[in-house]
Amino acid sequence: MTVRMQTFEAHLQAIEAAGYRIVPLADIVRWHDGEQGALPAKAVAITVDDGHRSVYETLWPALRGRGIPVTLFVYPSAISNAPYAMTWPQLRALARTGQFDVQSHTYWHPDFRVERMHRSADDFIKFARDQLRRAKERIETEIGAPVHALAWPFGIHDPELEHLAREEGYTAAFTLDAQPLRASQPAMALPRYLITDGCAVLLSWAQFAGAAEVRVIDAQTRVPIEGAITFVHGESGKTDAAGLITIPASAVEARATVSVRAPGYARAELVLGGPLPAVEIPLKQIKPRAVYLSVQGVSNRALRDAAVALQGQTAINALVIDMKGDRGDAPYPSAARVAVGAVPEQKDPVARINQFAAVIRQLHLRGLYLIARIVVFKDDRLAQAHPEWAVRDRDGEVWRDREDQQWIDPSVEAAWASTLDVAEEAARLGFDEIQFDYLRFPDANGLQFHQANTQAHRVAAITGFLARARERLRAYNIYLAADIFGYVCWNTDDTAIGQQINTLGAVVDYISPMLYPSGFTWGLPGTRKPTEQPGEIVSRSLAEAKRRTGLPGERFRPWLQAFRDYAFDHREFNAEMIRAQVDAADAEGTNGWMLWNARNRYDPANLPR
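These figures come from a predicted structure and were not determined experimentally. Residue positions are given per chain, counted from 1 along the sequence in the order it is written. Predicted model: local features are reported for residues with pLDDT of at least 70 only, side-chain atom pairs are reported and counted for 80 or more only, and whole-chain, interface and lining totals are derived from all residues. By convention in this description, side-chain values take in all heavy atoms of the structure and omit both hydrogens and water.

Visitor: Help me understand the overall build of the protein in this model?
Guide: For the protein, the count of helices and strands is 17 helices and 22 strands. Relative to a compact globule of 609 residues, whose C-alpha radius of gyration would be 25 Å, the protein shows 26 Å and is just as compact. Once the C-alpha set of the protein is aligned to its principal axes, its extents read approximately 80 × 55 × 50 Å. Buried positions account for 54% of the 609 residues belonging to the protein. At a minimum sequence separation of 6, the contacts of the protein that also span at least 24 residues come to 70%. Per-residue and other accessible areas follow the Shrake-Rupley method at a 1.4 Å probe size, with only the shown protein chains counted as cover for residues. Surface exposure of the protein reaches about 25,400 Å², of which carbon and sulfur atoms provide 50%. In this tally Asp and Glu are treated as negative and Lys and Arg as positive; neither His nor the chain ends contributes. Note that the charge is assigned to NZ on lysines, CZ on arginines, CG on aspartates and CD on glutamates. Each charge sign in the protein was given a centre, from 67 positive and 73 negative side chains, and these centres are 3 Å apart. We count a stretch as a helix when DSSP gives it H or I for four or more residues in a row; a strand needs E for two or more, and each element gets its number in order from the N terminus. Radius of gyration: C-alpha atoms only; globule rule: 2.2 Å multiplied by the number of residues to the exponent 0.38. When accessible area is computed with a 1.4 Å probe and restricted to protein chains, residues below 20% of their type maximum are described as buried, those above 50% as exposed, and intermediate ones as partly exposed. A contact between two residues is defined here by any heavy atoms of the two lying within 4.5 Å.

Visitor: Explanation requested: the sheet that holds strand β9 (residues 229–232) in the structure shown.
Guide: Sheets are built from strands that pair by backbone hydrogen bonding, the pairs being arranged parallel or antiparallel. By definition, two strands form a pair when at least two bridges between them are found by DSSP. Read across the sheet, four strands follow the order β10-β9-β12-β13 without closing on themselves; strand pairing throughout is antiparallel. Because the sheet does not close on itself, it has two edges, and the strands there are β10 (235–238) and β13 (268–271). Neighbouring strand axes in the sheet, compared pairwise and without regard to direction, differ in orientation by 20° on average. In this structure, β9 lies alongside β10, joined through four bridges in antiparallel fashion. Bridging across to β10, Ile229 finds its partner in Lys238. Helix axes are fitted to C-alpha atoms over the stretch in contact, other axes to C-alpha atoms as well, and angles between N-to-C directions run from 0 to 180 degrees.

Visitor: For this particular structure, what's the right way to read the pattern of salt bridges?
Guide: Close approach of charged atoms allows side chains with opposite charge to pair. Criterion for a salt bridge: a side-chain nitrogen of Lys or Arg within 4 Å of a carboxyl oxygen of Asp or Glu. Throughout the structure, instances matching the rule amount to 44 salt bridges. A salt bridge links Arg129 to Glu168; the shortest N-O distance between them is 2.9 Å. Here the residue Arg129 occupies a position in helix α6 (residues 121–143), and Glu168 occupies one in the loop between α7 (159–167) and β7 (172–174), the gap between them amounting to 39 residues. Between Glu142 and Arg138 there is a salt bridge, with the nearest N and O atoms lying 3.1 Å from each other. Placement of both Glu142 and Arg138 in helix α6 is noted, with a separation of four residues, approximately one turn of the helix. A relative accessible area of 18% means that Glu142 is categorised as buried. Overall, the relative accessible area of 30% leaves Arg138 in the partly exposed class.

Visitor: Would you explain the environment of Lys378 in this entry?
Guide: Within the secondary structure, Lys378 sits in the loop between β17 (369–375) and α13 (380–385). Looking at Lys378, the relative accessible area reads 2%, which means it is buried. Those residues within four positions of Lys378 in sequence are excluded, and the remaining contacts are Asp326, Asp401, Glu403, Gln405, Gln406, Trp407 and Tyr438.

Visitor: Teacher, can you tell me more about the pairing of β9 here?
Guide: Look at any regular strand and the pattern is simple: side chains alternate between the two faces of the sheet. Residues Ile229 and Phe231 point to one face of β9 and Thr230 and Val232 to the other, with burial holding for every one of them. From the end of β9 to the start of β10, which pair antiparallel, there are two residues, and His233 there has a positive phi angle of about 55°. Bridge count between β9 and strand β12 (residues 257–261): three bridges; the pairing is antiparallel. Within β12, the position partnered with Phe231 by the bridge is Ser259.

Visitor: In this structure, what is going on with the sheet that holds strand β8 (residues 213–218)? I would like to understand it.
Guide: A sheet is described by the order of its strands in space; here three strands give the open sequence β11-β8-β14, paired in mixed fashion. Of all strands in the sheet, those with a lone pairing partner are β11 (244–246) and β14 (279–283), marking the two edges. Strand-to-strand twist across the sheet, computed as the mean angle between neighbouring axes with direction ignored, equals 30°. Inspection of the sheet shows β8 paired to β11 by three bridges, in the antiparallel sense. Across the sheet, the residue bridging to Arg215 is Leu244, located in β11.

Here it is as structure tokens:
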């Protein structure tokens, strides 16, 4: 399920409180086609896609006897085959209740954009017809009821597909175009709202008009949230002590979208318009507990599926995914990297972008919180393309680190735009958060930069880049995070790399210290063997970071060690050692944690549950 039952129940309560009435989707279709009289003044239909077995095991028991109609859009290839899916007997049982209507989601849920890229025009039409026809015929045979409605997989549709659907006997098809359904809209492209567990209740424009204020509240406690960051109609703002933000009349008239974020919560959106004098936006608390996938890891189906499978088996509910890795590579053909000369033109870039976008959508549909990791100044490819931006050694030659990699000089502001272009690509793909790594000067002696190598210049470059990133990404209202060395939590200076912890809270939402015990080469006072006391390394470092910055624990999300020690006794970090780190982070009130393993291999038996 992409929505937990407690979230779904909250949605039902909000629908009822707003005066809405839940009706069968078929009634809305008949109204749209002019076959039925007026619907209730505020009508809403509930649809559930894919046919997961949780519909039978969890949703049906919760709705039994409540008279709430639900339309199920299923793809038959999974039914009675995939371990996550219902069986045909289960679907038939639901259909017999009269509460569930079973309709088509195509035969095996293809990404039509990708399929079109890889097929001839005639072959694509044949393929699409087959997907539409086989799904309709199989469901009608198994369920014994007519199939007239279709939900487009991933919301992807175009005029040709709409025409084919009509020819195959569908009378209505539904997208993911988040807007109210109107009688004037085409029957093969009727809109729906995609609601996941990370979403607040999305209110349509018909619910909101002329309101001067919106209150942002905690969805669980109903307490107003002060300091939440909003973006609406080109303007940023902050909620006051009462959780209120003023909405300009021009934004209401334009039916603009209010985007809201606050550390510790999932970002939420509200579409403006309608008759209510005031509206609340509830934010759901979230604590991402993530594993890391490199460029190679997210591109490798086996590694990616293994990481995704951790959800449900373990406490993992999030992924950190490389958008630009340690060697300047990306898991998709980045237009930003091509434009700056950092990578050559690639074959079939549109198809590969669509494939990567489809992966991100699927991960989101599973309810995973997605963090885009972007390596900033360690960028061998960009330095090769623009040696004038590269760090130099004492002889004036382009410097290379121990891995033979070149770095970009952080003080060269002209070089920042390339990385920020990648960050904007990540925001457009729908990532929940952008995390900047290698956001520092290289830690080597005798290097030359475009400015004098002083602490003031170094810190100004790092905070300046983050401030530029915040402004560049303001319209996306996306969460920003910065990775820092573990010792930065303790050092009063910038550790000679530009990272001074008390300067970061103003420019990012989350600070992510890398608290790997193996990285604490000199230990801590009273802790000389970090690998023997991993929990203490984490707890003491976080406590010091909170003391130094004055920030609460929810503004931190540490990196924890899930790999073999490389500095002391070369021990494997087993379940006990990982648990000690996780417990320490939780005790300090952090906004979750992230596990690092460069090989992207995570044994479920070693992870918290």
